[in-house]
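Chain and residue survey
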Amino acid sequence: MSSSCVSDPQQPFDPREFRSALGSFATGVTIVTTVTGEGVPIGLTCNSFSSVSLSPALVLWSLSLRSPNLSNFLQAPHFAINVLAADQRELSHRFAQSMANKFDGAQWKSGVLGVPLMDGAAAQLECRNETRYYSGDHVIFIGHVLHYVYRDCAPLVFWRGRYAELDSADDGSKSGL
Ligand SMILES: Cc1cc2nc3c(=O)[nH]c(=O)nc-3n(C[C@H](O)[C@H](O)[C@H](O)COP(=O)(O)O)c2cc1C
């Protein structure tokens, strides 16, 4: 490792350094989508996604309290998690911006629960919007997965504030899980 950082117990955290510490955790990248009460598709790039439970099938993600879409996601009965494939960087970049008409030019379909599913995604999970927890400066959403599809492809990866790809997705061994 070329650089390192230790937090000072006497000082409040430096937000940039804390963000960098969290960025040591490599994640996949998702676009979380829903539709407003008026039927307008909305969505954002999100890497706070995590699996929670196999039975029942629960997943979570968190949304900043500053998001202009907060009230829409709080009220939506359903949302979709679109796990992005390695070749979807541009889509991820587009949905990480606060702008109208993010879906213009994007290829997507409405799923069985009426939420937007992005074409070409590695996986699409359609969820009932089960539980919301206010926590710090985010709201954690727990979704009950009612329908999913996935395909065998390389995922988009996010690590240390940058997009990345896996060197080799298959080293010939299995984790045993
Ligand atoms: C890789 C990546 C992951 C992100 N993860 C989250 C997240 O988990 N939660 C969140 O609220 N914002 C996250 N963001 C930031 C949002 O995508 C960004 O603020 C976006 O503008 C929100 O869209 P909105 O303004 O239309 O709500 C992430 C951005 C990137 C690039």
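All of the points below concern the structure found in this document. (Residues numbered from 1 in each chain as written. Predicted model: local features only at pLDDT ≥ 70, side-chain atom pairs only at ≥ 80, totals over all residues.)

Some points on the overall build of the protein chain
Stated formally: Runs of H or I in DSSP of at least four residues are treated as helices and runs of E of at least two as strands, each being numbered from the N terminus. This radius of gyration counts C-alpha atoms alone. The globule rule is 2.2 Å times how many residues there are, raised to the power 0.38. With C-beta atoms placed from the backbone, a residue counts as buried when 20 or more other C-beta atoms lie within 10 Å of its own, as exposed when 12 or fewer do, and as partly exposed for counts between those limits. Contact between two residues is assigned whenever their backbone-derived C-beta positions fall within 7 Å.
Scanning the protein chain from terminus to terminus reveals three helices and 12 strands. For 177 residues, the compact-globule estimate of 2.2 N^0.38 gives 16 Å, and the protein chain sits close to it at 17 Å. In terms of principal-axis extent, the alpha carbons of the protein chain reach across some 50 × 45 × 35 Å. Counting all 177 residues of the protein chain, 27% fall into the buried class. At a minimum sequence separation of 6, the contacts of the protein chain that also span at least 24 residues come to 62%.

Quick word on the sheet that holds strand β6 (residues 78–83)
Each strand in a sheet pairs with its neighbour through backbone hydrogen bonds, running either in the same direction (parallel) or in the opposite one (antiparallel). For clarity, the threshold we go by: By definition, two strands form a pair when at least two bridges between them are found by DSSP. Fitted lines through C-alpha atoms give the axes, limited to the stretch in contact for helices. The angle between two N-to-C directions lies from 0 to 180 degrees.
Strand order in the open sheet formed by seven strands is β3-β2-β6-β9-β10-β5-β4, with antiparallel pairing between adjacent strands. Both outer strands of the open sheet, β3 (41–46) and β4 (50–53), are each paired with one neighbouring strand and no more. Within the sheet, the average angular offset between the axes of one strand and its neighbour, ignoring direction, is 35°. Of the pairings in the sheet, the one linking β4 to strand β5 (residues 58–64) comprises three bridges and is antiparallel in character. Within β5, the position partnered with S50 by the bridge is L60.

Description of the sheet that holds strand β1 (residues 27–28)
Read from one edge to the other, the open sheet built from three strands follows the order β1-β11-β12, with strand pairing classed as antiparallel. Only two strands of the sheet have a single partner each, and these edge strands are β1 and β12 (162–164). Sheet analysis places strand β11 (residues 157–159) next to β12, joined by three bridges and oriented antiparallel. Within β12, the residue paired with W159 across the bridge is R162.

Details of the site of the ligand
Worth spelling out the cut-off: Only the C-beta atom matters for this test: placed from the backbone, it must lie within 6 Å of a molecule or strand for the residue to be near it. Each residue receives one of three labels: charged for Asp, Glu, Lys and Arg, nonpolar for Ala, Val, Leu, Ile, Met, Phe, Trp, Tyr, Cys and Pro, and polar for the others, Gly being one of them.
Every one of the 17 residues lining the ligand counts as a neighbour, but L44, S48, S64, S67 and S98 are closest to it. When contributions to the shell around the ligand are tallied by element, the ones reaching two or more residues are β3 and β5. With four residues, β5 is the single largest residue contributor to the shell around the ligand. By residue class, the composition of the shell around the ligand is eight nonpolar, nine polar and no charged.

Things to note about the pairing of β6
Counting buried residues along β6, six of its six residues qualify, which places the element largely inside the surrounding structure. Burial of the side chains of β6 extends over both faces: H78, A80 and N82 are buried on one face and F79, I81 and V83 on the other. For strand β2 (residues 30–35) and β6, the ladder comprises four bridges, and the chain directions are antiparallel. Along β6, the bridge assignment pairs I31 with N82. The pairing of β6 with strand β9 (residues 123–135) spans six bridges and is antiparallel. Pairing of N82 across the sheet is with Q124, part of β9.

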